[in-house]
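So the chains spell out like this:
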Amino acid sequence: MSATTYANKNATCVSMTSTSGDYKTGNGPTGSYLNKTSTVFAPNDWHNSNAIMSTTAVRQQNGSLEIRQAARQLRNDTDSLTDWGQHDNTTRLLDRMQDTTAWKEKLEQTITDTDVEIALLTNHKERCETALQNMNTPFEVAQENLSTRSIRVSIDLVDDEVSQELNREVEVINGIKEKLKQKVNEAFQQVCALQDAYNAMCDDLADKMHSLDVDQQCHGLNNQSANIGFHKNATRIAKDIVLPDAWDSHSNYNTQRANSEIRASTALREMINNTIEQTANDLEAQRLRTEYAFRKRIHEVQMAKDELEWQQRNTKREIDVLMDDIRGLKQAIADKNKPLEVAETRSENRTYRPRVELCRDAPHDGLIEEKNVLQKTVSSLVDKHNTADDALNQLKQTINRIDEDIAIKSDSLELDETCMTKRQKLLLVSHKV
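Computed from a predicted structure; not experimentally measured.

Peer 1: Could you give an account of the overall build of the protein, naming the residues involved and the relevant values?
Peer 2: Per the secondary structure count, the protein includes 7 helices and 2 strands. For the protein, the N- to C-terminal ordering of α and β elements is α-β-β-α-α-α-α-α-α. Taken over the C-alpha trace, the protein has a radius of gyration of 68 Å; the compact-globule value for 433 residues is 22 Å, which it surpasses by more than 25%. Principal axes of the C-alpha set define a box for the protein whose edges measure 245 × 45 × 35 Å. For the protein, buried positions account for 28% of its 433 residues. In the protein, of all internal contacts separated by at least 6 residues, the share reaching a separation of at least 24 is 88%. Here the protein has roughly 28,600 Å² of accessible surface; of this, 53% comes from carbon and sulfur atoms.

Peer 1: Break down the pattern of salt bridges for me, citing the residues and quoting the values.
Peer 2: All chains considered together, the criterion is met by 26 salt bridges. With a shortest N-O distance of 3.1 Å, Asp160 and Arg297 are connected by a salt bridge. With Asp160 in the loop between α3 (136–149) and α4 (161–220) and Arg297 in helix α5 (residues 244–335), the pair connects residues that are 137 residues apart, well separated along the chain. With respect to burial, Asp160 and Arg297 carry one shared label: buried. Ionic pairing is found between Arg360 and Asp365, a salt bridge with its closest N-O pair at 3.0 Å. Since its relative accessible area comes to 64%, Arg360 is described here as exposed. Take Asp365: its relative accessible area is 34%, and that puts it in the partly exposed class.

Peer 1: Tell me about the confidence of the model for the protein, and please be specific about residues and values.
Peer 2: In the predicted model, the protein carries a mean pLDDT of 85, and the fraction of residues at 70 or more is 90%. Mean pLDDT values over the elements of the protein span from 39, in helix α1 (residues 3–20), up to 93, in α4.

Peer 1: Account for a negative patch on the surface, with residues named and values stated.
Peer 2: On the surface, Asp95, Asp99, Asp245 and Asp248 cluster together to form a negatively charged patch. At the level of secondary structure, the elements contributing two or more residues to the negative patch comprise α2 (43–134) and α5. Among the secondary structure elements, Asp248 is positioned in helix α5.

Peer 1: With reference to specific residues and values, describe helix α7 (residues 362–422).
Peer 2: For α7, spanning 61 residues, the distance from its first C-alpha to its last is 87 Å, which sits close to the expected 90 Å at 1.5 Å a residue. The backbone nitrogen of His364 lies 2.9 Å from a side-chain oxygen of the residue at the head of α7, namely Asp361.

Peer 1: An account of the environment of Val214 is needed here, citing residue identities and associated values.
Peer 2: Relative to the assigned elements, Val214 resides in helix α4. Its relative accessible area of 36% is what places Val214 among the partly exposed residues. Along the backbone, Val214 and Asn233 are 19 residues apart, and their C-alpha atoms lie at a distance of 19 Å.

Peer 1: Describe the packing of α2 against α4, with residues and values.
Peer 2: Two numbers describe how α2 lies on α4: the axes approach to 8 Å, and their chain directions differ by 160°. For the element pair α2 / α4, the angle class is roughly antiparallel. The way α2 lies across α4 gives a crossing that is left-handed. When grouped by side-chain class, the residues that make up the contact of α2 with α4 number 24 nonpolar, 10 polar and 13 charged.

Peer 1: Residues and numbers for the packing of aromatic side chains, please.
Peer 2: Per the counting criterion, the structure on display carries 0 aromatic pairs. The ring centre of Phe139 lies 4.7 Å from the NZ or CZ of Lys177, which sits over that ring.

Peer 1: If you had to explain the side chain of Thr290 to someone new, which residues and values would you point to?
Peer 2: In this structure, Thr290 sits in helix α5. For Thr290, a relative accessible area of 0% puts it in the buried group. In this structure, Thr290 is in contact with Glu165, Leu166, Glu169 and Arg423, ignoring residues within four places of it in sequence.

Peer 1: Please give an account of the packing of α5 against α7 that cites residues and values.
Peer 2: Two elements in contact, α5 and α7, have axes separated by 7 Å at closest approach and are oriented at 160°. It follows that α5 is roughly antiparallel to α7 by the angle criterion. The two elements α5 and α7 meet at a crossing, and its hand is left-handed. Class assignment of the residues belonging to the contact of α5 with α7 gives a composition of 25 nonpolar, 7 polar and 16 charged.

Peer 1: How would you explain the nonpolar core if you had to name every residue and give the values?
Peer 2: Residues Leu121, Met135, Leu180 and Ile272 are the most contacted members of the largest nonpolar core, which totals 18 residues. Every element with two or more residues in this core is listed here: α2, α4 and α5. The element that contributes the greatest number of residues to this core is α4, accounting for 7 residues. Sequence-distant contacts of Leu180, that is, excluding residues within four places in its chain, are made with Cys128, Ala131, Leu132, Met135, Thr275, Ile276 and Thr279. In terms of nonpolar packing, the next biggest core, distinct from the first, is built from 12 residues, Ile319, Ile326, Ala388 and Leu392 among them.

Peer 1: Which residues make up unusual backbone geometry, and what values do they have?
Peer 2: A positive phi angle, close to 55°, is found at Ser154, a residue other than glycine. With respect to the secondary-structure elements, Ser154 resides in the loop between α3 and α4. The exposure class assigned to Ser154 is exposed, which follows from its relative accessible area of 52%. The residue Arg355 is not glycine, and still its phi comes out positive at about 35°. Inspection of the secondary structure puts Arg355 in the loop between α6 (337–350) and α7. Note on Arg355: relative accessible area 77%, which makes it exposed.

Peer 1: Any chance you could break down the side chain of Gln312 for me, citing the residues and the numbers?
Peer 2: Inspection of the secondary structure assignment puts Gln312 in helix α5. Take Gln312: its relative accessible area is 17%, and that puts it in the buried class. Ignoring anything within four residues of it in the chain, the contact list for Gln312 reads Ile399, Ile402, Asp403 and Ile406.

About the cut-offs
For every chain, the first residue of the written sequence is number 1, and numbering continues from 1 onward in sequence order. Confidence filtering applies because this is a predicted model: local features only for residues at pLDDT of at least 70, side-chain atom pairs given and counted only at 80 or more, and all residues used for totals across whole chains, interfaces and linings. Processing note: side-chain calculations cover all non-hydrogen atoms of the structure and skip hydrogens and water entirely. Counting from the N terminus, the helices are DSSP H or I runs at least four residues long and the strands are E runs at least two residues long. For a compact globule the rule gives 2.2 Å times the number of residues to the power 0.38, and the radius of gyration it is set against comes from C-alpha atoms. Each residue is assigned to one of three classes by its accessible area relative to the maximum for its type, calculated with a 1.4 Å probe on protein chains only: buried under 20%, partly exposed between the two thresholds, exposed over 50%. A contact between two residues is defined here by any heavy atoms of the two lying within 4.5 Å. Every accessible area reported is derived by Shrake-Rupley at a probe size of 1.4 Å, with residue values counting cover from the shown protein chains alone. Every case where a carboxyl oxygen of Asp or Glu lies within 4 Å of a side-chain nitrogen of Lys or Arg is listed as a salt bridge. You can read pLDDT as the predictor saying how much it trusts each residue, on a scale of 0 to 100. Excluding any residue in a salt bridge, patches collect residues exceeding 30% relative accessible area, merging like charges within 9 Å and nonpolar Val, Leu, Ile, Met, Phe, Trp and Tyr side chains within 5 Å. A residue counts as positive if it is Lys or Arg and as negative if it is Asp or Glu; His and the chain ends are not included. Charge positions are represented by NZ for Lys, CZ for Arg, CG for Asp and CD for Glu. Under the convention used throughout, the expected extent of a helix is 1.5 Å for every residue step, that is, one less than its residue count. What qualifies as a polar contact is a pair of N or O atoms within 3.5 Å, subject to a donor-acceptor requirement within protein and to the restriction that residues adjacent in sequence count only when both atoms come from side chains. To get an axis, a line is fitted to the C-alpha atoms, and for a helix only the part in contact is used. The angle between two axes follows their N-to-C directions and goes from 0 to 180 degrees. With respect to orientation, any angle under 35 degrees is reported as roughly parallel, any angle over 145 as roughly antiparallel, any angle of 65 to 115 as roughly perpendicular, and every other angle as oblique. The crossing is said to be left-handed when, going from far helix to near helix, the turn is anticlockwise and less than a right angle, and right-handed when the turn is clockwise. Polar here means any residue other than Ala, Val, Leu, Ile, Met, Phe, Trp, Tyr, Cys and Pro, which are nonpolar, and Asp, Glu, Lys and Arg, which are charged; Gly is therefore polar. Geometry of aromatic contacts follows a simple scheme: Phe, Tyr and Trp rings, the Trp one being its six-membered ring, pair when their centres are within 6.5 Å, and the pair is stacked under 30 degrees between planes, edge-to-face over 60, tilted otherwise. Only lysine NZ and arginine CZ atoms are considered, and such an atom sits over a ring when it is within 6 Å of the ring centre and within 35 degrees of the ring normal. To define a nonpolar core, start from buried Ala, Val, Leu, Ile, Met, Phe, Trp, Tyr and Cys residues and group those joined through side-chain atoms within 4.5 Å.

Rendered as structure tokens:
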């Protein structure tokens, strides 16, 4: 009989006995008794039952052994996987911290470079503003010179080389001011660009430092840490999470942007230096040209004034001589009256000769000729007197014009010398800032 058949039969027997028999139990001082109908088995059934129980036990023991070995292997594998998983992520956190630290150091260096460049460019911007402010004095002096020289009158109010150079000086100063204003505006915009890049890197650096703090805390956690625990949906993916390439590109963009702005700022500082130097040279060259024109004009006016004064002296001397000659002519004309009276009296008296004595003799013709000569002489003297008088009037008019022109030249000289005195202020203005 097989173990299965025996087991089924035994189960059937037990079932039948349980159904048809009656259990009667009594309790007494000596124990209990049970009255029921029992099934009697054969010895083979007993041996088979023992064998089945032993076989079942061995099979279950072997199954348990396999389960234990598999469980141990699984435990070892999971422990190793867990340890290595934690170790790998600890290593990844360390690598991440190293990457973050590298970017942190690069950001810190770039921030320092940007801060230095902002200070340098701000200094150049202030130099440019100082140079622009220094243009006020030359501009005011040039305008004042033009206004002063506009007071000149008459023939001296001429568009001479000085006026042309002064107008050119105003144009040069206005051109310089425009160039400096442009550089100031460019410097301001570049400082703003540098500041924007600086702020972006500071924000990035703050994020990096915060991330380092978080990763350092995470790197320091282990199975024995006190502040660990389960968290709901801890592995969720945040909506604003970025990929490593985007993370790297963000800092790379910030540093490259800052370096680009630094290069642009360096080039702008060089241009500002060149502009300040070139404009200072242009202004100095124009100042020298203007003052050379002033000195040249002052020399010309002084020479003209000296010539007029020389002519003034000669004309006055000529007037004095001419007046003496006019007085001589007047006296000569007056001196001819008596001889003319004598000649006319003689001729008149001889007309009273009687009869044949009234002869046209030599005295008669001589007296007529004498009278005619005297009249012609007086007429010539009068004409010469009138001519000399006209010349005297012209000389007086000339001397008046000379006197007026000398006064004009004196005023012009004074005005130009005043301008030159005012231009001494230009030597006190430093264009090298």
